[in-house]
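# Fold and contact review
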Amino acid sequence: MTCPSPDLAAAARTAPPGAGPGAAEGAAEGAGLAVAALFLGALAMGVSPILVRLVSPEVGPFASAFWRVALALPALYGWMRAEEAGSPRLRRQALAPAALLAGLAFTGDLVFWHRAILGTTVANATFFATTAPVFVLLFAWLGLGRRPARATLAGLALCLAGGAALVGQSIRIDPGRLAGDRDGALTAVFFGLYFLAVERARARGLGAARVTFVASAVTAALLLGVVLLAETRPILPRSPGAAAGLVALALLSHAAGQGLLSVALGRLSSAFSSLVIFLEAVAAAALGWVVLGEALSGPQVLGGGLILIGIAVARPRDRRPPPPR
């Protein structure tokens, strides 16, 4: 007998006991909405390297990372209050360990991510950062005993091949870019930890808004320390355009992108969710072409296609037998 996929099986378990097939179908529909949130979140996060590049002449990398999170806090707080007012059963623990760990992991992610964006090409930085699924699967397997499904591994292989094709022309030994590539890889390690921490917090009953707000507050506090100790470039923007870029980075890439990711991780596994984040590489490469003039080649277009196929291969499936006629 073939079992339902973990994602849809988890969705079905959200239905109240004895609620019948209609409630289970509603839970499965909720999983479909979570997939949509995940896709939109990945696209929103894909805008971030473009915005960081646009504000980089006026604001240093650590400062832009700080403003990205700090400026999003009012919007995230308002979302948290609204979500919890509408769902009284949600836990309201301010110092939930998993949410705090998510904030620590996201701090490392942003520190190395913003360094990578300025240290290598947009496509390179995004590709190395989106290898986070490798670390999600590795940490989940070694630390939590979750063996990855064959479909997940096949999807990961296709996504990695697509990501390599996407940046194939820019992957070469270049001493001027090695530091940026290294920072991109370290970003993936921390982002992998972030996925698992958010998934854990959501499983413990915290709402998506609270998880995102608490993690962001921790990240903002830590990044402020990083800015004061390590930032060597300007902290405040000088022009209205740069200020608008920081606000867009906060509201679009962080509040919307990370918020939608938290929504998705309430219903979908971190393994599948991390694969969809490869769309961030596709979006970043496309925007790099449109905004920064970084032309796309045939192999890069093929790479984007392989990523989409990989996500389709690993997608959650409802394998329950059809009802009798």
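Coordinates for the structure precede this section.
Below you will find a few notes about this structure.

Rules and cut-offs
- Residues numbered from 1 in each chain as written.
- Predicted model: local features only at pLDDT ≥ 70, side-chain atom pairs only at ≥ 80, totals over all residues.
- Heavy atoms only, no water.
- Patch = residues over 30% accessible without salt bridge, like charges linked within 9 Å, V, L, I, M, F, W, Y side chains within 5 Å.
- Areas by Shrake-Rupley, 256 points an atom, 1.4 Å probe, with all protein chains shown as cover.
- Salt bridge = Lys/Arg side-chain N within 4 Å of Asp/Glu carboxyl O.
- Helix = DSSP H or I, 4+ residues; strand = E, 2+ residues; numbered from the N terminus.
- Buried < 20%, exposed > 50% of the residue type's maximum accessible area, 1.4 Å probe, protein only.
- Phe/Tyr/Trp six-rings, centres within 6.5 Å; stacked < 30°, edge-to-face > 60°.

A few words now on a nonpolar patch on the surface. A contiguous nonpolar surface patch, about 220 Å² in accessible area, is contributed by Leu71, Val247 and Leu251. Inspection of the secondary structure assignment puts Leu251 in helix α12 (residues 240-264).

This brings us to the pattern of salt bridges. Under the defined criterion, the tally for this structure stands at 5 salt bridges. In this structure, Arg92 engages Glu84 in a salt bridge whose closest nitrogen and oxygen atoms are separated by 3.8 Å. For Arg92, a relative accessible area of 48% gives the class partly exposed. When its relative accessible area of 4% is taken as the criterion, Glu84 is described as buried. With a shortest N-O distance of 2.5 Å, Arg210 and Glu84 are connected by a salt bridge.

Evaluation of the coordinates by the stated rule reveals 7 aromatic pairs. Aromatic pair Phe191 and Tyr194: ring centres 5.8 Å apart, planes at 20 degrees, arrangement stacked. Pair noted here: Phe191 and Tyr194 are both in helix α10 (residues 178-203), with a separation of 3 residues, about one helical turn. Judged by its relative accessible area of 5%, Phe191 is buried. Within the aromatic cluster, the residues linked to one another by ring pairs are Phe106, Phe191, Tyr194 and Phe195.

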